[in-house]
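Per-entry structural report
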Amino acid sequence: MSKRARKNAKAAGTPPPAPAVTEPVPVELPTEFYFPPDDPPIPVDERDLLAVMRDWRHGRATRTIMQVISDGYIAVLSLLVLGAMLAGALLRTQSLVAVCTTSSCLTARTLLPWVVLFAVFALTLSAAHLFGPVLASAAEGSWLMDAPIRRRRLLTKRLVLPLVLAFAVGLLLGVLVALLSGNDTASIAVWGGATGLGALGLMAFAAAAQAREARGAVRIARTSAAALTAVAGAAVVSVAAGWVHLSLAPDALLPVVAGVGVAGVALAVAGTMYATTHLGEIRRARLVSGGSLVSGMQGAAFALDLGLVRDILVDRESAERGHVKPVKGRGTGIAALVWRDVERLYRWPRALPGLALSLLVPYALDALGASVVNPLLSGLALIVVLVPFLGSLRVLTRTKGLARTLPFPTTTIRTAAMVVPAILAVVWGLAATPAFWGIGAAGQERTLADAVLVSMATALAGLMGAVRWVTAKPVDFNTPMLATGAGAMPPTLVFNLFRGLDMVVLICAPVLLGWGAGWSLGLVAVVFVFLRGTFDMDELKAQQEQAMREQQALKSEKDKIRVSRPRR
Amino acid sequence: MARQGPVLRVKDLKKSFGPVTIIERFSLDVRAGEAVALTGRNGSGKSTLLRCIIGADRVDEGTVELNGIKMSETNPDIRRELATVIDDMDFFPDLSVVEHLDLLARAHGVADPETVVDEVLDEVQLVPQSGQLPGTLSSGQRRRLALATAFIRPRSLLILDEPEARLDVEGVAWLAGRLKAERQRGLAIVMASHEPTLVDAVATRTLRLGADAGE
């Protein structure tokens, strides 16, 4: 009974009605059940099962393929936009590379495809490790994998797709970078083939490892590939900057590249043969885990909610880890929140190598003589590596529930969640200062004091970009859509694509325009005030509504008093 | 010929999550016609134990055997004999209730799948919902559908994790009667349950897990 009802009942002088009490009636257990006849099972052909499912599904689709594509137009359009940006950047890079004439620059250019080769290998292994590479949907896990069928016959086709994808992506990226590096047709073919076949071989290796439950082998291979990427990247920068003198003819290492391709083919054959014969031994939990991850990420990716995609990956990683050693908190109030972030960093230090590697970007740009765009591009790179450190802020933004449990204003909580990433950004800024000062072949570009300011502005621009990316609201498809040439589109979608990037462009603009880093640092302060939630429109609206409700309540209270006051 | 050994044999099973040991040296033999109920407080390890038994989770130490064969979820012979209803069931969004059961019956090589599915659907009172897609079912109806999967297929061991969850009073009574009848026909059953009606009606042995188990 509600408080008001109880009050009314009391006022009326009647006791509140007692809750209805029902005597428990003993339920008699049924005794008649159906039991299937004990006939011996008939042999099952797995392909027949799939054919039956296909038959059931026939004519049941509610949308045509064109409608599906049309529904995914947001993703398609965004890919086109990003593709156009990428193509533009590549063309600009090619024009830069074309004027590369010095021996060190040419050698660096020769080494560049190696960076891409190793990066593609690391990415291939990461994707394979994350998704399977062989996977099944949760429903297949429940209804097909539970039966005594030969899983191998169901899963063989599932192995083909990751192999083809790995080869295609590797080939494409290998050809693209070899082309940009100014190679001739034969070299481009060798680089493309080696990258594609190497990726194919590693995907097959990952599939074989999945069948053997040897996830550690894939992890080691992935870490090795990532380390080689870093080494190759550092070599390119060092050679380009003239710190290391190395003279290589463009075709000098081609036999080695071809060898990588051959090794890729051998690995692909061996891995595919092993995986194919052992597909039936992959545990259902492993198969379904990758399938669930894909289906979860699919929805988020179609809505272009990259934040949600990252959330899904982080949740999955936490679930896999399962258990951590509890650590006592320190301090009280806001300090306790900050300290917890420090503990979290100590517990999950995996993002730190990424932050350290991102230092290559300003040094590489300085070495290549691109000092003007250095703050902008370094800031953009910094966004990517700082996002993993903003986990607390992401959780606080995603759900308001946690913030409501804390006795502080939202702005204070948000600021606390930015402390550790801000310290890391400042350290990055100090470490990157020489790159902005000018230690490459082009020589000194600015005074040390200016370099410190520019470096700090860049670091904080990256931080603000990452904060903006993490705290941006997901696209709201319930808002009125904008009519565009490509169809209706939520207004926030376009901004969401560039969230974070806009902050870096804004903050770095004064440096790019030659106005000085002081202006940039001033803009950092302004942006910070906004991003910490000082002007959170939702919160302001809620506060306004609360104030109106209180005012209304006060008014009705006054009215009540006036009415009930006795007249004299 | 009647089977002599236990249907399920669990020996010295140990399972930990990090430094926390959930199950320590657990042993259990279940013979045909026996039903073992696992009870205990939340977090006492009932579900983890069941997941280890069916091979969904890997054990740290110990062995699990079904009819003398080492438990491996990837072995079709094991899957033929082992029926499970644990809380991880998912559905094809575009297949109806009856099609799900039909698919499972066919995958198990049931000789007359349509008759078996119709009878079991009738028993779990899902005939009116037989053409519905899973997304439109209530949670109780989904649970009935999950339970139906255990009864349309051959089995010698049935593992259930809180099978009474989301069932109404009549549903629990039906389940208790059904499991009792299954046991009497020679099925070995291991179930985790918080429902005294079910445990009393079905179990021939009750094991209380957890720190306060007292055994």
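Please refer to the structure higher up on the page.
Residues numbered from 1 in each chain as written. Chains lettered and ligands numbered in written order. Predicted model: local features only at pLDDT ≥ 70, side-chain atom pairs only at ≥ 80, totals over all residues.

**Re the overall build of chain A**
- Along chain A, the regular secondary structure elements total 24 helices and two strands.
- Partitioning the contacts of chain A with sequence separation of at least 6, the portion at a separation of at least 24 is 78%. (Helix = DSSP H or I, 4+ residues; strand = E, 2+ residues; numbered from the N terminus. Contact = placed C-beta atoms within 7 Å.)

**Here's the deal with the interface of chain A and chain B**
- Taken residue by residue, the interface counts 37 residues in chain A and 43 residues in chain B.
- When contributions to the side of chain A that touches chain B are tallied by element, the ones reaching two or more residues are α2 (46-57), α6 (138-143) and α11 (284-302) of chain A.
- In the side of chain A that touches chain B, the residues fall into 23 nonpolar, six polar and eight charged. (Nonpolar A, V, L, I, M, F, W, Y, C, P; charged D, E, K, R; others polar.)

**A look at the packing of helix α17 (residues 391-398) of chain A against helix α19 (residues 410-437) of chain A**
Residue and element names in this part refer to chain A.
- Axis separation between α17 and α19 bottoms out at 8 Å; the angle between their running directions is 155°. Taken as axis vectors, α17 and α19 run roughly antiparallel relative to one another. Here Ser392, Leu393 and Leu396 of α17 come into contact with α19, specifically with Ile413, Arg414, Ala417 and Met418. (Axes fitted to C-alpha atoms, helices over the stretch in contact; angles between N-to-C directions. Parallel < 35°, antiparallel > 145°, perpendicular 65-115°, else oblique.)

**Topic: the sheet that holds strand β1 (residues 8-17) of chain B**
Residues and elements named next belong to chain B.
- Strand order in the open sheet formed by four strands is β2-β1-β4-β5, with antiparallel pairing between adjacent strands. Of all strands in the sheet, those with a lone pairing partner are β2 (20-30) and β5 (69-70), marking the two edges.
- By the bridge criterion, five bridges tie β1 to strand β4 (residues 61-66) in an arrangement that is antiparallel. Paired with Arg9 across the strands is Glu65, a residue of β4. (Pairing = 2+ DSSP bridges.)

**Overview of helix α22 (residues 501-512) of chain A**
Residues and elements named next belong to chain A.
- The complete set of buried residues in α22 reads Met503, Val504, Ile507, Cys508 and Val511. Buried residues of α22, seen end-on, are gathered within an arc of 100° and therefore sit on one face of the element.
- Positioned one or two residues after α22, Gly514 has a phi angle of 80°, which is positive. (Buried ≥ 20, exposed ≤ 12 C-beta atoms within 10 Å, placed from the backbone. Arc of directions from axis to C-beta.)

**A closer look at the environment of Arg219 of chain A**
- Assignment of secondary structure puts Arg219 of chain A in helix α9 (residues 215-241).
- Classification of Arg219 of chain A as partly exposed rests on a count of 14 C-beta atoms within 10 Å.

**So, the sheet that holds strand β8 (residues 188-192) of chain B**
All names here are of chain B.
- Spatially, five strands are ordered β6-β7-β8-β3-β9 in an open sheet, and the strand pairing comes out parallel. Because the sheet does not close on itself, it has two edges, and the strands there are β6 (82-85) and β9 (205-209). In this sheet, neighbouring strand axes are inclined to one another by 15° on average, regardless of whether the strands run parallel or antiparallel.
- Here β6 pairs with strand β7 (residues 157-161) via four bridges, running parallel.

**Digging into unusual backbone geometry**
- For the peptide bond that leads from Gly132 of chain A to Pro133 of chain A, omega is 10°, which places it in the cis range.
- Assignment of secondary structure puts Pro133 of chain A in the loop between α5 (103-131) and α6.
- Here Asp12 of chain B, not a glycine, exhibits a phi torsion of approximately 50°, which is positive.
- Here Asp12 of chain B shows up in strand β1.

**Overview of the packing of helix α16 (residues 374-386) of chain A against helix α20 (residues 448-471) of chain A**
Residue and element names in this part refer to chain A.
- One can describe the packing of α16 onto α20 by two numbers: an axis separation of 8 Å at closest approach and a directional angle of 45°. In terms of orientation, α16 lies oblique with respect to α20. In this structure, α16 meets α20 at a crossing whose hand is right-handed. The segment α16 lies against α20, with Pro375, Ser378, Gly379, Leu382, Ile383 and Leu386 engaging Val454, Ala457, Thr458, Ala459, Ala461, Gly462, Leu463, Gly465, Ala466 and Trp469.
- Here the contact of α16 with α20 is built from residues that sort into 11 nonpolar, five polar and no charged. (Left-handed = near helix turned anticlockwise from the far one by under 90°.)

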